[in-house]
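# Observations on the three-dimensional arrangement
Given next are the chains, with one letter for each unit.
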Amino acid sequence: MTLNGSINEIQNNITDLNSTDKKSKLSDSLPKVGIPRALLYYKFYPLFKTFFEELGIKVVVSPPTNKEIKKIAITTAPDEDCYSTKLYYGHVMYLKDKVDYLFIPRFQSEHKTNIGCPKFMGLAEALRSMYPDLPKMIMPTFSQAKLGHGKWELVRIAISIGKLFDKSPISSLRALRTAFRVYFHWKQDKWLTIREFSDWKQNKIFVNDAPKQDSSTTNLKIALVGHSYMINDPYASLNIKKQLINAGVNVITSEQFPRELIEKQMETLDFNMYFDYERELLGTAMHFLEEKSIDGIIHIIIFSCGPDSIAGEMVSRFSTRNPTVPVLQLTFDELTGEAGLRTRLEAFIDMVKRKKKVEETG
Ligand code: SF4
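Computed from a predicted structure; not experimentally measured.

Turning our eyes to something else, we now look at the site of the ligand. Surrounding the ligand, one finds 13 residues, the nearest of these being C82, C117, K119, I302 and C305. Elements represented by at least two residues in the shell around the ligand include exactly α4 (83-95) and α14 (306-321). No other element matches the three residues that α14 contributes to the shell around the ligand. For the shell around the ligand, the domains that each give at least three residues are domain 1 (3-189) and domain 2 (193-361).

In structure tokens, the structure reads:
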């Protein structure tokens, strides 16, 4: 197959040409691509944004989740979807009349064997079949584990997206290269090195905002373990990270935890945990349970998430085997309320503080 042939094939694949053209509604002459601020946004946003902007395309991101978006989400998403996927629907609906295209990649994996979440693969099609009046969708497929995709597939995807906007292959490749440079930088910044982690453990640095000091604070360290799209969404997570910091807790998240230590921990399992994002959660929790270098672990489970139900059970079993570190598992869904959460956090923090005091005074 010629390069042009392949590109046309991908172009057909990635663009939903049957949906309604809404260009006439837009006053701005630049084409607008909408990126919903949910799920993959929290994993790849710098990559997506830089790529489109380098191509001269305007990127419109939906606002942080709010009451209105959540309300739309729960009325538009299928009941059986996990809470995070439901929120994705709310963000898509927010964007639908404001953009020319929606960027909803069918992303499965960036690893030879491990996969992300099957939900990501079907999201674009599910949305299109339920809501045929959505703007055109740019929905490239990428799966290293199942389809053997690699950098050439990325090149083909970039060129085919560029072609949609009359951009030359060279411009698309330049945009792709810049986007990856920005993305890798962002990712490296987020992940702690072993050295930084060690400095954090020795109270030499904070890896999040400094905890609010009060007279009862005993320099508590708590690991907040959960999906990046929940922990980094203040509305959906009821600002749990901020609540902990305000309560005087020195927080580290699973997203920041050093990758080497996660992989080391996964090697101790007698099977391959092939859900990539659960590896992060499980690896972080297992490390702290074994190393006992933390005062407590808070594990956020998203309601109706299949992979989370496995990781939740495993964290719970590992915690039974290593009971020194207290673990609080919280399930989040659209009905989780701030008052209830605050009460549970306060009770957990009080318990952890008392335990630490007893240990320190012998
Ligand atoms: S991993 Fe779980 S929470 Fe994330 S999208 Fe999949 S089902 Fe939802």
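Look at L39: it is not a glycine, yet its phi comes out positive at around 45 degrees. In this fold, L39 is placed in the loop between β1 (32-35) and α2 (41-54). Assessed through the 25 C-beta atoms surrounding it within 10 Å, L39 is described here as buried. For L238, which is not glycine, the phi torsion reads 50 degrees and is therefore positive. For L238, the position within the fold is in the loop between α10 (228-231) and α11 (240-246). For L238, a count of 20 C-beta atoms within 10 Å corresponds to the buried category.

Sheet topology places strand β7 (residues 220-225) next to strand β8 (residues 249-253); five bridges connect them, and they run parallel. Bridge pairing links L220 to V249 in β8. Here β7 runs beside strand β9 (residues 296-302); their pairing, made up of four bridges, is parallel. Note on β9: the bridge partner recorded for I222 is G296.

Next up on the list: the packing of helix α7 (residues 151-164) against helix α8 (residues 169-190). Viewed as axis vectors pointing N to C, α7 and α8 meet at an angle of 125 degrees, and their least axial separation amounts to 8 Å. Relative to α8, α7 is oriented oblique. Where α7 crosses over α8, the two elements pack in a sense that is right-handed. Mapping the contact onto sequence places L154, V155, A158, I159, I161 and G162 in α7 and P169, S171, S172, L173, A175 and L176 in α8.

Turning to the sheet that holds strand β5 (residues 136-138), a few remarks are in order. Taken together, the four strands give an open sheet; going across it, the order is β2-β1-β3-β5, and neighbouring strands pair in parallel fashion. Single-partner strands in this sheet number two, and they are β2 (58-61) and β5. Neighbour to neighbour, the strand axes of the sheet diverge by 35 degrees on average, direction disregarded.

Helix length check: helix α15 (residues 338-361), at 24 residues, gives a terminal C-alpha distance of 34 Å against a target of 34 Å (1.5 Å per residue), a fit within 8%. Of all the positions in α15, only L345, F348, I349 and V352 are classed as buried. With its phi angle positive at about 75 degrees, G362 sits one or two positions after the end of α15.

Turning next to the nonpolar core. Counting residues in each nonpolar core, the largest one holds 89 residues, and the members touching the most others are L102, L224, A285 and I297. With eight residues, the single largest contributor to this core is α4. A domain-level breakdown of this core finds at least three residues from each of domain 1 (3-189) and domain 2 (193-361). Excluding its chain neighbours within four sequence positions, the residues that come into contact with I297 are A223, V225, A285, F288, V325 and V327.

To continue, consider the sheet that holds β8. The four strands lie next to each other as β8-β7-β9-β10, forming an open sheet whose pairing is parallel. Every other strand in the sheet has two partners, leaving β8 and β10 (327-332) as the edge strands with one partner each. Along the sheet, successive strands turn relative to each other by an average axial angle of 25 degrees, direction set aside.

To continue, consider the packing of helix α3 (residues 67-76) against α4. Contact geometry for α3 and α4: axes closest at 7 Å, N-to-C directions at 110 degrees. Our classification of the angle between α3 and α4 gives roughly perpendicular. Once α3 is placed against α4, the crossing between them reads as right-handed. On the side of α3, the interface is formed by I69, K70, I72, A73, I74 and T76, while α4 contributes K86, L87, Y89, G90, H91, M93 and Y94.

What counts, and where the lines are drawn
- Residues numbered from 1 in each chain as written.
- Predicted model: local features only at pLDDT ≥ 70, side-chain atom pairs only at ≥ 80, totals over all residues.
- Near = placed C-beta within 6 Å.
- Helix = DSSP H or I, 4+ residues; strand = E, 2+ residues; numbered from the N terminus.
- Domains from an automatic or database assignment.
- Buried ≥ 20, exposed ≤ 12 C-beta atoms within 10 Å, placed from the backbone.
- Pairing = 2+ DSSP bridges.
- Axes fitted to C-alpha atoms, helices over the stretch in contact; angles between N-to-C directions.
- Parallel < 35°, antiparallel > 145°, perpendicular 65-115°, else oblique.
- Left-handed = near helix turned anticlockwise from the far one by under 90°.
- Contact = placed C-beta atoms within 7 Å.
- Expected span 1.5 Å × (residues − 1).
- Core = buried A, V, L, I, M, F, W, Y, C linked by C-beta atoms within 7 Å.

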